[in-house]
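Structure assessment
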Amino acid sequence: MAITLATIPFEERYTLPPIEAVPDTPEEMREKQDRIRWLKVERKAVILAHNYQRDEVQEVADFVGDSLGLSQEAAKTDAEVIVFCGVHFMAETASILCPDKKVLLPDLRAGCSLAASITLDELRTWKAAYPEAVVVAYINTTAEIKAESDYCCTSANAKKVIAAIPEEKDILFIPDKFLAYVVAQQTKRKNIIAYPGSCHVHKSIKPEDVATILEEHPDIELLLHPECGCVSSCMAKVFDGTLPQERTYFLSTEGMVRHIRESSAKEFAVGTEVGILHRLKKGHPDKVFYPVNPQAVCAFMKTITLDKVLRSLEFLKPEVRVPEEIARKARRAIDRMLELV
Ligand code: 13P
Ligand code: SF4
C-alpha cells in the first residue's frame, strides 16, 4: 500500500553539532577525571556511557555499554542521579525507567539523526494505513514515538522481539530500514514493513568500504552493526558465498565486544561508529582492530566532554524528564522488551 509520508528530507530534520577539539593535556584530563569521580560520590550519582563516547569520558563511567545494557543499568541503579553520557533518546529511556531519579544529559544537543527520521504524524499516518499491524520501535526513537508503539527493541534483541510477535501479524518496524532488513532475513518474516529511516553515520559505512578492507586483510573477521548502509549487500554476499559466513557477523555494539572476547581470531574489521575502538583496544591489547570506515564519527555522541560532565555534576543540569503521560505509555513498549531479554 502506498502511503504519503512528510516530504522533509531526512537530512534536513537535524543539525549536526560541531565536534569540539579538547586541548587538555593528559595531566589536565586526569585532574578533571579525578574531580568527576569525587563529585559523583558527593552527588550519589552513577555515570552511564555509550560505547561511542569519547575515550576520556568512557574512562570515568561506572558502566559502558550498548543501548540495551544502558537501559538495564538505568533500571536497576539505586543512585539518585544518572549522568547519561550518550544521546537524548537514551536519557529519555532512563528517565522513563527511573521517574524518581534525576537524569542528566551533559549536552542537550546530543540528538540522533535516526531518531529524527520519524515524526509522530508520520507514525500515525502509517499506523492508520496498517491498523492491524504491531509497531516495533527501535530504541533510537523519541519518547513520544515509543508511546505510540507496541514494542521497543535494540539491535541486540530485535530478533527476539520479532519472534515474540505472532507469525500472522504484520509488523511496522521503525525507523531503521537497514536493521529491519537484517531482522527480516534472520527471522525469515515476510511481513515486516520497514520505515525508510537511517542513521547518517552507519549509512556511510558502504559496500565499497567493506570490499577495500577485505582486499587489504582477506582473513579478517568482519563485524557489522545492523544499522550500516552495507548490510543488505553484505548479507546477499554471505548467502551467495562471496563473503565467508563463518567470519561475517551482524552485531550490536555490545555483541561485538562479546564476540571479540570469545573469538580466537586476532584481527577484526569493525563496522560501526569508531568510538567503540577505545574499549576494544583497551580490553584486547593482543588483537588488532580496523574501522571499516574511519570517518564514521557521530557528532551527537561527541558533544559530551569531561568539562560538560563536570558541569552537570556541579549544577545538576541539564536534566531530561519525560512528561508523565508520555512516559507511562512509552514504558509499556520498553517493559515488553525488557521482559523478553
Ligand atoms: P547499540 O549500542 O545498541 O548497538 O546501538 C548503536 C547506536 O547507534 C546507538 O545510537
Ligand atoms: Fe544516532 Fe547514528 Fe549517532 Fe547512533 S551513531 S546516536 S544512531 S546518529
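Relevant structure appears above.
Below you will find a few notes about this structure. (Residues numbered from 1 in each chain as written. Chains lettered and ligands numbered in written order. Predicted model: local features only at pLDDT ≥ 70, side-chain atom pairs only at ≥ 80, totals over all residues.)

Focus on the pairing of strand S1 (residues 45–50)
Counting buried residues along S1, six of its six residues qualify, which places the element largely inside the surrounding structure. Here S1 shows no split at all, with Ala-45, Ile-47 and Ala-49 on one side and Val-46, Leu-48 and His-50 on the other all buried. Of the strand pairs in this sheet, S1 and strand S3 (residues 81–85) are connected by five bridges, and their pairing is parallel. If you follow Leu-48 over to S3, its bridge partner there is Phe-84. (Buried ≥ 20, exposed ≤ 12 C-beta atoms within 10 Å, placed from the backbone. Helix = DSSP H or I, 4+ residues; strand = E, 2+ residues; numbered from the N terminus. Pairing = 2+ DSSP bridges.)

Quick notes on the site of ligand 1
Ligand 1 sits among 13 residues. The nearest are Asp-66, Ser-67, Ser-155, Ser-252 and Thr-253. Of the residues assigned to the shell around ligand 1, the class counts are three nonpolar, eight polar and two charged. (Near = placed C-beta within 6 Å. Nonpolar A, V, L, I, M, F, W, Y, C, P; charged D, E, K, R; others polar.)

Focus: the site of ligand 2
The local shell around ligand 2 consists of Val-87, Cys-112, Ser-113, Leu-114, Asn-140, Cys-199, Val-201, His-202, Glu-273, Cys-298, Phe-300 and Met-301. The residue inventory of the shell around ligand 2, partitioned by class, reads eight nonpolar, three polar and one charged. Formed jointly, the shell around ligand 2 draws a minimum of three residues from each of two domains, domain 1 (12–112 + 301–323) and domain 2 (114–199). (Domains from an automatic or database assignment.)

A closer look at the packing of helix H1 (residues 26–42) against helix H14 (residues 306–315)
Running from N to C, H1 and H14 cross one another at 25°; their axes reach a closest spacing of 10 Å. Considered as vectors, H1 and H14 are oriented roughly parallel to each other. In this structure, H1 crosses over H14, and the sense of that crossing is left-handed. For the pair H1 and H14, the contacting residues are Met-29, Lys-32, Gln-33, Arg-35, Ile-36, Leu-39 and Lys-40 in the first and Leu-306, Val-309, Leu-310, Leu-313 and Glu-314 in the second. Its residues placed into classes, the contact of H1 with H14 shows seven nonpolar, one polar and four charged. (Axes fitted to C-alpha atoms, helices over the stretch in contact; angles between N-to-C directions. Parallel < 35°, antiparallel > 145°, perpendicular 65-115°, else oblique. Left-handed = near helix turned anticlockwise from the far one by under 90°. Contact = placed C-beta atoms within 7 Å.)

A short note on the sheet that holds strand S4 (residues 102–104)
Sheet architecture is open: four strands sit in the order S2-S1-S3-S4, paired in parallel fashion. Two strands bound the open sheet, and with one partner strand each, they are strand S2 (63–65) and S4. Taken pair by pair, the neighbouring strands of this sheet meet at an average axis angle of 20°, ignoring direction. Sitting on the sheet, helix H4 (residues 88–97) is in contact with S1, S3 and S4, with an inclination near 160° to S3.

Considering the pairing of strand S9 (residues 221–224)
Side chains of S9 alternate between two faces, with Glu-221 and Leu-223 and Leu-222 and Leu-224 buried alike. Sheet topology note: the S9/strand S11 (residues 267–271) ladder contains four bridges and is parallel. Bridging from a neighbouring strand, Glu-221 pairs with Phe-268 of S11. In terms of strand pairing, S9 meets strand S10 (residues 248–250) through three bridges, oriented parallel. Of the residues in S10, the one forming a bridge with Leu-223 is Tyr-249. Running through helix H11 (residues 231–240), the crossover from S9 to the neighbouring parallel element S10 is right-handed. (Right-handed = clockwise from strand over helix to strand, strands pointing away.)

Looking at the environment of Ser-264
Examined against the element boundaries, Ser-264 turns out to sit in the loop between helix H12 (253–262) and S11. Considering only alpha carbons, one finds Ser-264 and Lys-287, 23 residues apart in sequence, at a separation of 9.6 Å.

Some points on the sheet that holds S9
The parallel open sheet is built from four strands, whose spatial order is S10-S9-S11-S12. Each edge of the open sheet carries a strand with a single partner, namely S10 and strand S12 (288–291). When strand polarity is set aside, the average angle formed by the axes of neighbouring strands in this sheet is 20°. The strands touched by helix H13 (residues 276–283) are S11 and S12; relative to S12, the strand with the most contacts, the crossing angle is about 170°.

Some points on H4
With respect to burial, H4 is a largely interior element, 10 of its 10 residues being buried. Taken residue by residue, H4 has His-88, Phe-89, Met-90, Ala-91, Glu-92, Thr-93, Ala-94, Ser-95, Ile-96 and Leu-97 as its buried positions. Against S1, helix H3 (67–76), S3, S4, helix H6 (143–147) and helix H15 (324–340) lie the buried residues of H4.

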